[in-house]
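What the coordinates show
Each chain, written out:
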Amino acid sequence: MRVVIKKDYADCSEWTANYIARRILDANPTEQRPFVLGLPTGSTPIGVYEHLVKLYNKKKISFKNVVTFNMDEYVGLADDHPQSYHYFMYDHFFKHIDIKKENIHILNGLAKNPEEECAAYEKAIKAYGGIDLFLGGIGSDGHIAFNEPGSSLTSRTRVMTLTQETIAANSRFFEGDLSKVPTRAFTVGVGTICDAREVIIMVTDRSKAKALAQGVEGAVSQMWPITALQLHQNAIIACTDDATDELKVGTVRYFNNMESHYPVPEV
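This report concerns the structure included in the present document. (Residues numbered from 1 in each chain as written. Predicted model: local features only at pLDDT ≥ 70, side-chain atom pairs only at ≥ 80, totals over all residues. Heavy atoms only, no water.)

1. Details of helix α4 (residues 114-127)
Selection rule: Here a strand is any run of E in DSSP of at least two residues, a helix any run of H or I of at least four, and the numbering for each starts at the N terminus. Expected helix span is given by 1.5 Å per residue-to-residue step, counting one fewer step than there are residues. Summary of the burial criterion: residues with accessible area below 20% of their type's maximum are buried, those above 50% are exposed, and those between are partly exposed, where the area comes from a 1.4 Å probe applied to protein chains only. This arc corresponds to the set of directions leading from the helix axis out to the C-beta atoms. Residues are treated as being in contact if the distance between any of their heavy atoms lies within 4.5 Å.
For α4, spanning 14 residues, the distance from its first C-alpha to its last is 20 Å, which sits close to the expected 20 Å at 1.5 Å a residue. Every buried residue of α4 is accounted for by Glu-117, Cys-118, Tyr-121, Glu-122 and Ile-125. The arc enclosing the buried residues of α4, seen along the axis, measures out at 130 degrees, which places them on a common side. Opposite the buried face of α4, by more than 90 degrees, sit the exposed residues Glu-115, Glu-116, Lys-123, Lys-126 and Ala-127. Where α4 is buried, its residues contact β3 (66-70), β5 (104-105), β7 (158-161), β8 (184-187) and α6 (190-194). The first or second residue beyond α4 is Gly-129, which carries a positive phi of 85 degrees.

Structure follows, in structure tokens:
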């Protein structure tokens, strides 16, 4: 595992965006051999999307040959609902770049047969040869996507019932009204995420310091889904300095020293 510690949210977002862009450019994707990118929603990745849009506007990168698969979607929300993840992704990212609509994959919140929807999603990922890089964030309880504590670390795309903690955290997007927050969501599994050739998880808030400490220093456990990254060959945690408050001083020193041996991603 590689842990990249940046000064603040802006620095962490820029570093992560540059890293993703560098990976896409180095892959030199084509229509026949696209770069497959897994993407999250929520407040954490907004800075990454903003920076990637800036790189696109500066003509430093194109997304024409990039295929995306989003992590999750609320059950019961239409694509055009302001709080749907379809709406979020187009508003913050897709409508600002040159990605082809047919290359965008997001679970259908109104799917009549949820099991078929989930199976088709996994099949589509496999059809593209798997995901090259999966970007994600975590909750304060260590959940990834909507894989709540207790989720199998080999889980696949499915419908999850959300915990009260997650519902409360997401209520800020629903005018603070808990009753408006969907109680179920489609989500890729922990296993789906970890099947990606590379995974980057962003941790950019002091409130997630305990989860970060568990992910880096704790034992692998389904009660802390982030710990699954310890079993991945190419996992990166990009975090802010304040998110490391629960890590041991020696751990922070070690990863800061290791980072000096890596090149800075430039586009």
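So, next bit.
2. Topic: the sheet that holds strand β10 (residues 235-240)
Heads up, the condition is: Pairs of strands are assigned from DSSP output, requiring at least two bridges between the strands.
Taking strand neighbours across the sheet as the criterion, the seven strands line up as β1-β10-β9-β6-β2-β3-β5 in an open arrangement whose pairing is parallel. Lying at the two open borders of the sheet, with one neighbouring strand each, are β1 (2-6) and β5. Pairing of strand β6 (residues 133-137) with strand β9 (residues 198-203) involves five bridges; the strand directions are parallel. If you follow Gly-137 over to β9, its bridge partner there is Met-202.

3. Topic: helix α8 (residues 249-259)
When α8 is considered as a whole, its buried residues turn out to be Thr-251, Val-252, Phe-255 and Glu-259. For α8, the angular spread of the buried residues around the axis is 100 degrees, confining them to a single face. Relative to its buried face, α8 has exposed residues pointing more than 90 degrees away, namely Val-249 and Arg-253. Of the surrounding secondary structure, the elements contacted by the buried residues of α8 are β1, α1 (9-27) and α7 (209-217).

4. Brief notes about the sheet that holds β8
Rules: To define axes, lines are fitted to C-alpha atoms, for helices over the stretch in contact only, and angles between the resulting N-to-C directions are given on a 0 to 180 degree scale.
The strand order β4-β8-β7 describes an open sheet built from three strands, whose pairing is antiparallel. The two strands at the open ends of the sheet, each matched to only one other strand, are β4 (72-74) and β7. On average, adjacent strands in this sheet sit at an angle of 30 degrees to one another, irrespective of strand direction. Summarising the sheet, β4 and β8 pair through three bridges and their orientation is antiparallel. Across the sheet, the residue bridging to Glu-73 is Phe-186, located in β8.

5. Structural notes on the environment of Tyr-85
Structurally, the position occupied by Tyr-85 is in helix α3 (residues 85-92). Judged by relative accessible area, Tyr-85 falls into the buried class, the value being 10%.

6. Observations concerning the environment of His-96
The criterion, for reference: Throughout this description, a polar contact denotes any pair of N or O atoms lying within 3.5 Å of each other; where both atoms belong to protein, one of them has to be capable of donating a hydrogen while the other can accept it, and for residues adjacent in sequence the pair is counted only when both atoms sit in side chains.
Looking at the element boundaries, His-96 is found in the loop between α3 and β5. The exposure class assigned to His-96 is partly exposed, which follows from its relative accessible area of 32%. When the C-alpha positions of His-96 and Tyr-49 are compared, they lie 9.6 Å apart, and in sequence the two are 47 residues distant. If sequence neighbours within four positions are ignored, His-96 has contacts with Val-53, Tyr-56, Asn-57, Tyr-90 and Asp-91. At a separation of 2.8 Å, a polar atom in the side chain of His-96 contacts the main-chain carbonyl oxygen of Asp-91.

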